[in-house]
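Reading the structure
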Amino acid sequence: MIKAKPKSPATATVPKTRDQATPKARLKPPRQTKAALLRELLARPVGASLDDLCRTTGWQRHTLRAALSGLRKAGHAVERLEEEGGCSRYRIAGAGAGEGEQ
């Protein structure tokens, strides 16, 4: 029976490191997550309604409410604004502060 010799470190294949990635992979913009999109919409001065958030993220209403609770637990001051007709809008408190003031 013939045993195979172990490969020497010089002949072993070296896995590619992150720095040796293809140039195409380095040019990709960072992925836009739904959580980041949610924070972006809530950061607007007018905020966003639950229906707008559902339409944009594709999430169901209970998922969005849970995400809003998660933002609150993470330290964001999420406020609920009542509109005429019983519709609510949500926004991150302080978003848009200073806009329109001179």
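For the structure, see preceding data.
Report on the accompanying structure.

The rules behind each value
- Residues numbered from 1 in each chain as written.
- Predicted model: local features only at pLDDT ≥ 70, side-chain atom pairs only at ≥ 80, totals over all residues.
- Heavy atoms only, no water.
- Pairing = 2+ DSSP bridges.
- Helix = DSSP H or I, 4+ residues; strand = E, 2+ residues; numbered from the N terminus.
- Buried < 20%, exposed > 50% of the residue type's maximum accessible area, 1.4 Å probe, protein only.
- Polar contact = N/O pair within 3.5 Å; in protein donor to acceptor, adjacent residues only side chain to side chain.
- Expected span 1.5 Å × (residues − 1).
- Arc of directions from axis to C-beta.
- Contact = heavy atoms within 4.5 Å.

A separate point is the sheet that holds strand E3 (residues 88–92). Pairing within the open sheet is antiparallel, and its 3 strands lie in the order E1-E3-E2. Taken across any chain shown, the strands that pair with only one partner, and hence form the sheet edges, are strand E1 (48–49) and strand E2 (78–82).

Another point: the side chain of arginine 89. The topology assignment puts arginine 89 in strand E3. A relative accessible area of 16% places arginine 89 in the buried class. Of note is the side chain of arginine 89, whose polar atom sits 3.1 Å from the backbone oxygen of valine 46.

Right, let's talk about helix H4 (residues 61–73) for a bit. Its 13 residues place the ends of H4 19 Å apart at the C-alpha level, agreeing with the 18 Å of an ideal helix rising 1.5 Å per residue. Those residues of H4 that sit buried are Leu64, Leu68 and Leu71. Relative to the axis of H4, the buried residues are bounded by an arc of 55 degrees and lie together on one face. Turned more than 90 degrees off the buried face of H4, the exposed positions are His62 and Lys73. Where the residues of H4 are buried, they touch helix H2 (34–42), helix H3 (50–57), E2 and E3.

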